[in-house]
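Overview (structure and organization)
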Amino acid sequence: MNYSLYLVTDENICEDLEKAVEEAIIGGVTIVQLREKNKSSRKFYEKAVKIREITKKYNTPLIINDRVDIAYAVEADGVHLGQDDLDIKEARKIMGNKIIGISTNFVSQAIKAEKAGADYIGVGAVFKTNTKENSIHIGIEGLKEIKEAVKIPIVAIGGINELNISEIKNIGVQGYAIVSAILAKEDKRLAAENLKKACQPG
């Protein structure tokens, strides 16, 4: 699984999410997470169906945030869980061998997730961010500590953009989760292209 340029959606910062996702994929996004915190189950499902059509068109994995039922219903490639969501082992019963990721802020959470069978962990917030309320700012040192504690893939998240991504490239994470650094840009394809270049090793 290529987690390198991991788009996390936020419809509050772009007008046409379907178009934005398509442009981002064309620009180099390798995996998409649909995150809808304020929609009803029906609206979330309807949006997921539309985004699924786009990701299938470009053979790009789709991950659904929090909602195992929505992920299962739209035949998404996986689900991303928070610390207060369904337990990984219970989610695995529903998702089978599909991708299960989980958000972590501390080494203890990361180790627990690895033991429970998570496929990857999202670690952050690395930098301060306004796109997720009540996010815990762990900084670069926190990211390093978690990277050293587990062997499963790590996706860094939280305020990452093309200017600061170089500060964490040498840590050896497998991916960078991006929200506003793509979706808040006028040219989302170009933003993705620039981030793709910026996250390359070396």
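Residues numbered from 1 in each chain as written. Predicted model: local features only at pLDDT ≥ 70, side-chain atom pairs only at ≥ 80, totals over all residues. Heavy atoms only, no water.

1. Quick word on the pattern of salt bridges
All chains considered together, the criterion is met by 12 salt bridges. Where Lys39 meets Glu11, a salt bridge forms, and the shortest distance between an N and an O atom there is 2.6 Å. In this pair, Lys39 sits in the loop between strand S2 (31-34) and helix H2 (41-57) while Glu11 sits in the loop between strand S1 (5-8) and helix H1 (17-27), placing the two residues 28 residues apart along the sequence. A residue is classified by how much of its surface remains accessible, and Lys39, at 29% relative accessible area, is partly exposed. Put simply, Asp66 and Lys37 hold a salt bridge, and the shortest N to O gap is 2.5 Å. Placement of the pair is Asp66 in the loop between strand S3 (62-65) and helix H3 (68-73) and Lys37 in the loop between S2 and H2, with a sequence separation of 29 residues. One salt-bridge network, held together by shared partners, links Glu11, Glu18, Glu36, Lys39 and Lys47. (Salt bridge = Lys/Arg side-chain N within 4 Å of Asp/Glu carboxyl O. Helix = DSSP H or I, 4+ residues; strand = E, 2+ residues; numbered from the N terminus. Buried < 20%, exposed > 50% of the residue type's maximum accessible area, 1.4 Å probe, protein only.)

2. Details of the packing of H1 against H2
In the contact formed by H1 and H2, the axes pass within 10 Å of each other and the chain directions differ by 20°. When the interaxial angle is binned, H1 and H2 end up roughly parallel. Read as a crossing pair, H1 and H2 show a hand that is right-handed. Counted together, Leu17, Glu18, Val21, Glu22 and Ile25 of H1 and Lys47, Lys50, Ile51, Ile54, Thr55 and Lys57 of H2 form the full contact between these two elements. Class assignment of the residues belonging to the contact of H1 with H2 gives a composition of 5 nonpolar, 1 polar and 5 charged. (Axes fitted to C-alpha atoms, helices over the stretch in contact; angles between N-to-C directions. Parallel < 35°, antiparallel > 145°, perpendicular 65-115°, else oblique. Left-handed = near helix turned anticlockwise from the far one by under 90°. Contact = heavy atoms within 4.5 Å. Nonpolar A, V, L, I, M, F, W, Y, C, P; charged D, E, K, R; others polar.)

3. A closer look at the side chain of Glu36
Mapped onto the elements of the fold, Glu36 is located in the loop between S2 and H2. Among the polar contacts made by the side chain of Glu36, one reaches the side chain of Lys39 at a distance of 3.5 Å. With residues up to four places along the chain from it excluded, the contact list for Glu36 reads Glu11, Leu17, Phe44 and Lys47. (Polar contact = N/O pair within 3.5 Å; in protein donor to acceptor, adjacent residues only side chain to side chain.)

4. Observations concerning the side chain of His80
Summarising the element assignment, His80 is placed in strand S4 (residues 78-81). With relative accessibility at 5%, the residue His80 sits in the buried group. One polar contact links His80 to Ser103, side chain to side chain, over a distance of 2.7 Å. Discounting chain neighbours no more than four positions away, the residues touching His80 are Tyr6, Gln33, Ile63, Ile64, Asn65, Asp66, Gly101, Ile102, Ser103, Tyr120 and Gly122.

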